[in-house]
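Residue-level structure breakdown
This is what each chain is made of:
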Amino acid sequence: MAQLVGTFVSSHAPMMAASVESAPPEQRRSFLAGVEQAARRVREQGAEAVVICSNEHFTNFFLENFPQFCVGVGASHWGPVEPWLKIEQNEIPGAPELASQLAAQLPAEGFEPSFSHELRLDHGIVTIYHAIDPSHRLPLVPFIQNCAVKPMPSLRRCYQLGQAIRRVVEGFGGAERVAVVGAGGLSHWIGVPQVGRIDSEFDHWFLERLERGQLDDVLDLPDDELELAGNGAHEIRSWLTIAGLAAPSTAKVLAYEPITPWITGMGVVTYDLDPASGPAAAKGA
Amino acid sequence: MSQYQLQKLLYDFLNGRVGAAPGVRAGADGERAGPDPTGYDVTQEEAAAASGADVRRLYQLGVHPVLINAFARAMGYQRTDYARMLQDLEPATEGRPRWRSS
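Figured I'd write up the structure that's included with this text. Because the structure is predicted, anything quoted here is derived from the model rather than measured. (Residues numbered from 1 in each chain as written. Chains lettered and ligands numbered in written order. Predicted model: local features only at pLDDT ≥ 70, side-chain atom pairs only at ≥ 80, totals over all residues.)

Considerations on the overall build of chain A
Under the convention used in this document: Think of it this way: any DSSP run of H or I at least four residues long counts as a helix, any run of E at least two long counts as a strand, and we number them from the N terminus. What the globule rule says is 2.2 Å times the number of residues to the power 0.38, and the radius of gyration is computed from C-alpha atoms. Buried means a residue has 20 or more other C-beta atoms within 10 Å of its own C-beta, exposed means 12 or fewer, and partly exposed covers the counts in between; C-beta atoms are placed from the backbone. We call two residues in contact when the distance between their C-beta atoms, placed using the backbone, is within 7 Å.
Scanning chain A from N- to C-terminus turns up ten helices and eleven strands. Its C-alpha radius of gyration of 17 Å places chain A within 12% of the 19 Å reference for a compact globule of 285 residues. For chain A, the spread of C-alpha atoms along the three principal axes comes to 45 × 40 × 40 Å. Each of the 285 residues in chain A was classed as buried or not, and the buried ones make up 57%. Sequence separation of at least 24 residues holds for 85% of the intrachain contacts in chain A that already meet a minimum separation of 6.

A closer look at the nonpolar core
The test is simple: Buried Ala, Val, Leu, Ile, Met, Phe, Trp, Tyr and Cys residues whose C-beta atoms connect them within 7 Å together make up a nonpolar core.
Counting 119 residues, the largest nonpolar core has Val 50, Ile 52, Val 141, Val 178 and Val 180 of chain A together with Leu 10 of chain B as the members making the most contacts within it. Broken down by element, the residue count for this core peaks at eight residues, all from helix 5 (residues 155-170) of chain A. For Ile 52 of chain A, the contacting residues outside a window of four places in its chain are Ile 125, Ile 128, Tyr 129, Leu 140, Pro 142, Phe 143, Val 181 and Ala 183 of chain A.

Some remarks on the interface of chain B and chain A
Interface size is commonly expressed as the accessible area that is lost once the parts come together. Filter applied, for reference: All amino acids are sorted into three groups, where Ala, Val, Leu, Ile, Met, Phe, Trp, Tyr, Cys and Pro are nonpolar, Asp, Glu, Lys and Arg are charged, and the leftover types, Gly among them, are polar.
The interface of chain B with chain A comprises 25 residues on the first partner and 22 residues on the second. With six residues, the single largest contributor to the side of chain B that touches chain A is helix 4 (residues 65-74) of chain B. Along the lines of polarity and charge, the residues of the side of chain B that touches chain A split into 13 nonpolar, seven polar and five charged.

Some points on helix 2 (residues 44-51) of chain B
Given 3.6 residues per helical turn, the α-helix brings residues three or four places apart onto the same face. Residues and elements named next belong to chain B. Let me state the cut-off plainly: Throughout, the arc means that of the directions going from the helix axis to the C-beta atoms.
For helix 2, the set of buried residues is Glu 46, Ala 49 and Ala 50. When helix 2 is viewed along its axis, its buried side chains cluster within an angular range of 95° and face the same direction. For helix 2, the elements touching its buried residues are helix 1 (2-15), strand 2 (32-35) and helix 3 (55-60). Looking one or two residues past helix 2, Ala 53 carries a phi angle of roughly 50°, positive in sign.

A closer look at the packing of helix 5 of chain A against helix 9 (residues 236-246) of chain A
Helix-helix packing: each pair is described by the crossing angle between the helix axes and the interaxial distance. Residue and element names in this part refer to chain A. Operational definition: Every axis in this analysis is a line fitted to C-alpha atoms, fitted for helices over the stretch in contact. Angles between the N-to-C directions lie between 0 and 180 degrees. Oblique is the label for every angle not falling under 35 degrees (roughly parallel), over 145 degrees (roughly antiparallel), or within 65 to 115 degrees (roughly perpendicular). The sense of a crossing depends on the near helix, which, turned anticlockwise from the far helix by less than a right angle, makes the crossing left-handed and, turned clockwise, makes it right-handed.
Packing of helix 5 against helix 9 brings their axes to within 6 Å, and their N-to-C directions diverge by 45°. On the basis of their axis angle, the class for helix 5 and helix 9 is oblique. With respect to the hand of their crossing, helix 5 and helix 9 are arranged in right-handed fashion. Across from Leu 155, Cys 158, Tyr 159, Gln 160, Leu 161, Gly 162, Gln 163, Ile 165 and Arg 166 in helix 5, the residues of helix 9 making contact are Arg 237, Leu 240, Thr 241, Ile 242, Ala 243, Gly 244 and Leu 245. Each residue belonging to the contact of helix 5 with helix 9 can be placed in one class, and the counts come to nine nonpolar, five polar and two charged.

Section: the environment of Thr 59 of chain A
All names here are of chain A. By secondary structure assignment, the location of Thr 59 is in the loop between strand 3 (49-55) and strand 4 (69-72). Distance in space between the C-alpha atoms of Thr 59 and Leu 121 is 7.5 Å, their sequence separation being 62 residues. Those residues within four positions of Thr 59 in sequence are excluded, and the remaining contacts are Val 81, Arg 120 and Asp 122.

Written as structure tokens, this is what we have:
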């Protein structure tokens, strides 16, 4: 059965690849050092595949059929779709056995993600994947979440999804070590008049709760209130998915910088999982 | 209905290639130049906003912000450019969320 390794979550922004130098040097050094520290753990702990939970940006889906969750089960995934991202566009290997296990077993856990053999990747996943493996050889399962188009899955539902993902991955017999990572958020505004604002007060409030593992008031946030931290703040769904997966372990904040030129609160957290006390053990108890 | 069609036009443009998808107008160099509203059930105003890459008007017409962002980037606007186009359209969202200390 697979062991979860290298669990982390990071903000993503296209400019962290396309326009790194636009950020103040101290801020970009601090954030990117955090990303590298988290990514290095994935490599050093010998992950054989990585599942990256991130949000849809109208890259794969339009309003005629917009899934709340979608697992990429393909043998490979093309990306990044943004030619200006300064990351080479290519076919990134998939992990179809692991992905198919997620698609097949999550319904028994109360989740019915859609699945796709032809997911394309954008900056949301590729910036973080590239940090983990610049050679683009590590098999990837993209796990897309709706964090933009209402109605969205509730924050609590996304937390519970993480618990379910953990049970499925830990029951997977096709690898010994699998990383599950989140990418998105924190506060930011996109495509609206407030673009460029960052709500550092929200970001610190949220990160403190991840550190303490006290998430009830976060999980109860209605979307209208969360949106006061920006329409991009809905992407904390990916953070909460990983928080659910890691529970009862709590987050360690490696970096946080409100990087105005990247229009986003840029944070990184890692988790040290206790294999004896996760959701899998709890379910069997 | 036409708001849906307008957004579909932009989505098809963003994801299409010249000659391979509806909604894509070719430039003189044969490259993707802009949205082509032919065949989409949009109003004249919506067609003009899309064809003219009028980000401000598209926002006012209700195009989803994530599509606004992607479309603006595809048309060569930086975020500072479209922020200037949108900045006076509405005040910042009002409210006192639970994380605000003052």
